[in-house]
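Report on the structure
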Amino acid sequence: MTTNADEPQPRPRRRAPAGAAVLRADVTEAIRAAVFEELAAVGYARMSIEGIARRAGVGKTAVYRRWRSKLHLVLDLVSAIAVQGLPAPDTGSLEGDLRLLYEVTARALRHPVASQVIPDLQAEAARNPEIAEALQKALREGQNGVASGIVAAAERRGELRAGIDHELALDLISGPLYWRSVVIRGAKPGKGYLAALTRATAGALRAL
């Protein structure tokens with residue numbers, strides 16, 4: 001059988017990528033979850049790719065195909081937290097927004113994983129500029145971003161004076177819970193603590 005050279009020839013079928021070329025989302029999420037567990041259990045300094053892989057139920061190759069090192073893995077997770085952020089309160093009042101923010105933040109900081117991971121990463125940040133930068137970005141885009149929204153909304157409603165010092169306002173809003181939960185790692189706040197903190201913070205903001 002002869003073929004006409006002018007007739008279009010069938011194109012060779014492209015091979016589908018092998019399974020190893022596809023990064024499965026469920027494996028990626030399992031590795032991320034394992035990182036938090038490993039950080040809480042052994043800390044950043046003792047954390048290893050081997051330990052992460054073992055917790056995630058995957059081989060080391062699956063981890064290395066996604067991240068070059070444990071540093072890059074942790075930096076990626078911290079950045080992801082910054083992007084997710086906290087829910088922005090919209091209760092219609094300054095005290096309502098502050099109370100909701102404090103309730104969500106207090107629950108997050110009391111989580112057993114967070115209570116171990118955050119202090120450990122802060123200590124590591126003192127020795128590692130890349131981790132320090134990632135943590136600062138996470139806090140700036142997460143907690144401070146929500147706090148800025150609370151202050152701006154209160155200004156629009158006339159609850160705070162226009163032109164308030166936003167940097168000082170953010171310190172007043174964000175500082176107390178982090179000091180208690182992360183720095184001194186005190187006991188769980190009592191029943192009326194968040195309500196009292198809300199009133200005190202709102203009063204301080206109005207005095208600025």
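Note: the structure precedes this text.
Residues numbered from 1 in each chain as written. Predicted model: local features only at pLDDT ≥ 70, side-chain atom pairs only at ≥ 80, totals over all residues. Heavy atoms only, no water.

Glancing now at the overall build of the protein. Scanning the protein from N- to C-terminus turns up 10 helices and zero strands. Helices and strands appear in the protein in the N-to-C order α-α-α-α-α-α-α-α-α-α. Sorting the 208 residues of the protein into buried and exposed places 34% on the buried side. Expressed as a percentage of contacts within the protein between residues at least 6 apart in sequence, the contacts between residues at least 24 apart total 67%. (Helix = DSSP H or I, 4+ residues; strand = E, 2+ residues; numbered from the N terminus. Buried < 20%, exposed > 50% of the residue type's maximum accessible area, 1.4 Å probe, protein only. Contact = heavy atoms within 4.5 Å.)

Interhelical geometry of helix H5 (residues 94-110) versus helix H10 (residues 193-207) gives an angle of 130° and a closest axis separation of 9 Å. When the axes of H5 and H10 are compared, the pair comes out oblique. H10 is crossed by H5, and the crossing has right-handed handedness. Across from Leu94, Glu95, Leu98, Arg99, Tyr102, Glu103 and Ala106 in H5, the residues of H10 making contact are Leu194, Ala195, Leu197, Thr198, Arg199, Thr201, Ala202, Leu205 and Arg206. Of the residues that constitute the contact of H5 with H10, the class distribution is nine nonpolar, two polar and five charged. (Axes fitted to C-alpha atoms, helices over the stretch in contact; angles between N-to-C directions. Parallel < 35°, antiparallel > 145°, perpendicular 65-115°, else oblique. Left-handed = near helix turned anticlockwise from the far one by under 90°. Nonpolar A, V, L, I, M, F, W, Y, C, P; charged D, E, K, R; others polar.)

All chains considered together, the criterion is met by zero aromatic pairs. Here lysine 70 stacks its cationic end above the ring of tyrosine 44, 4.6 Å away from the centre of that ring. Positioned above the aromatic ring of tyrosine 193, the side-chain terminus of arginine 180 is 4.6 Å from the ring centre. (Phe/Tyr/Trp six-rings, centres within 6.5 Å; stacked < 30°, edge-to-face > 60°. Lys NZ or Arg CZ within 6 Å of the ring centre and 35° of its normal.)

Turning to the nonpolar core, a few remarks are in order. Nonpolar side chains in soluble globular proteins generally cluster together in the buried interior. Judged by nonpolar contacts, the single largest core of 28 residues is most densely connected at Ile31, Val35, Ile52, Leu73 and Val74. Contributions of two or more residues to this core are made by helix H1 (25-46), helix H2 (49-56), helix H3 (60-64), helix H4 (70-84), helix H6 (112-125) and helix H7 (129-141). If near-sequence neighbours (up to four positions away) are discounted, leucine 73 is found in contact with Ile31, Val35, Ile49, Ile52, Val63 and Trp67. Within the second largest apolar cluster, 22 residues are counted, among which are Tyr102, Val146, Ile150 and Leu197. (Core = buried A, V, L, I, M, F, W, Y, C linked by side-chain atoms within 4.5 Å.)

The tally for this structure, following the rule as stated, stands at 11 salt bridges. Close ionic contact of glutamate 95 with arginine 206 constitutes a salt bridge, the shortest N to O distance being 3.6 Å. Placement of glutamate 95 in helix H5 and of arginine 206 in helix H10 is noted, with a sequence separation of 111 residues between them. Overall, arginine 206 belongs to the partly exposed group, its relative accessible area being 43%. Shared partners join several salt bridges into a network, and the residues in it are Glu29, Arg32 and Asp76. (Salt bridge = Lys/Arg side-chain N within 4 Å of Asp/Glu carboxyl O.)

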